[in-house]
Amino acid sequence: MAKKTKRGGQGTPATVALDGAGIAYTVHAYDHDPAAASYGGEAAEVLGVPAARVFKTLVADVDGTLTVGVVPVSGQLDLKALAAAVGGKRAAMADPAAAERSSGYVLGGISPLGQRRPLRTVLDASALDHGTVFVSAGRRGLEVELAPADLVALTGARTAPIGR
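Treat the numbers as computed from the prediction; the structure is a model and nothing was measured.

1. Comments concerning the overall build of the protein
Helices and strands together make up the secondary structure of the protein, namely 5 helices and 9 strands. Mapped from its N terminus to its C terminus, the protein presents α and β elements in the order β-α-β-α-β-β-α-β-α-β-β-β-α-β. Looking at the 164 residues of the protein, the share that counts as buried comes to 47%. Contacts spanning at least 24 positions in sequence make up 60% of the contacts within the protein whose residues lie at least 6 apart. For the protein, the accessible area works out to roughly 7,700 Å², and carbon and sulfur atoms hold 52% of it.

2. Focus on the nonpolar core
Formed by 27 residues in total, the largest nonpolar core has its most connected members in Val59, Val135 and Val144. Elements with a contribution of two residues or more to this core: α1 (13-21), β2 (26-29), β3 (55-62), β4 (65-72), β7 (133-139) and β8 (142-146). Core analysis: the second largest hydrophobic core is formed by 12 residues, Val71, Leu77, Ala83 and Ala160 among them.

3. Brief notes about the side chain of Thr12
Residue position: Thr12 is located in the loop between β1 (3-6) and α1. Discounting chain neighbours no more than four positions away, the residues touching Thr12 are Ala137, Arg139 and Leu142.

4. Some details on the confidence of the model for the protein
Low-confidence regions, as indicated by low pLDDT, have predicted coordinates that should not be scrutinised in detail. Overall, the predicted model of the protein reaches an average pLDDT of 89, with 94% of residues at or above 70. Below a pLDDT of 50 lies the segment residues 1-9, which in the model reaches 24 contacts outside its immediate sequence neighbourhood of four places, other chains included.

5. Description of the sheet that holds strand β6 (residues 120-124)
Strand order in the open sheet formed by 5 strands is β5-β3-β4-β6-β9, and the pairing between neighbours is mixed. Of all strands in the sheet, those bounded by a partner on one side alone are β5 (91-93) and β9 (158-160). With strand direction ignored, the average angle separating the axes of adjacent strands in the sheet is 35°. With 3 bridges joining them, β3 and β5 adopt antiparallel strand pairing. Bridge pairing in β5 places Asp61 opposite Ala92.

Basis of the calculations
- Residues numbered from 1 in each chain as written.
- Predicted model: local features only at pLDDT ≥ 70, side-chain atom pairs only at ≥ 80, totals over all residues.
- Heavy atoms only, no water.
- Helix = DSSP H or I, 4+ residues; strand = E, 2+ residues; numbered from the N terminus.
- Buried < 20%, exposed > 50% of the residue type's maximum accessible area, 1.4 Å probe, protein only.
- Contact = heavy atoms within 4.5 Å.
- Areas by Shrake-Rupley, 256 points an atom, 1.4 Å probe, with all protein chains shown as cover.
- Core = buried A, V, L, I, M, F, W, Y, C linked by side-chain atoms within 4.5 Å.
- pLDDT = per-residue confidence, 0-100.
- Pairing = 2+ DSSP bridges.
- Axes fitted to C-alpha atoms, helices over the stretch in contact; angles between N-to-C directions.

Okay, structure coming up:
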C-alpha cells in the first residue's frame, strides 16, 4: 500500500537536501518486498506509475572516478553513453561497497540527492519528457517525486541520452 506525504516527515538525507533547497516534492512510501526482483520495478508497480517515470540511481566508475547515472527503471544504463556524457573513455559499474560508502545509502535505496559525497551526475534526457519523475528518497520503499529541472538543479546533473 502506497502512502503519499507532502514535504518532509521522512528525514532522509535526500529529503533534508530538498527541504534545505526549498524544492517542492512529494514523498511516496510503500512496504518494500525483500523478494522483489527489481527495486525500481517494484516502486513503479506499487505506486501505479509508468516505469518510464521512475528512475534508478546507478553508480559507475568512469576512468577511475565514481559517477552517477540516473535512468528509467524500464531500461538499462548505457555505460558507453555515460562515459561520453562526462568526457570519459571507459565506464564500468562501480563496486557495490564503494557505491554505498560514497553515497551513504544502501543498494536499492541510493538516491541522487543528499549523497554523503556528491558525485558528478548524469540524468537520462528522457526525464525531461515528464512533468515529474520519481527517484529514491534514500531507502528501499521510499520514493520522492519532483520536477526533472529541480533534480538537475539540486544535483548539478547534466542531461544526456544514457539509457537504453
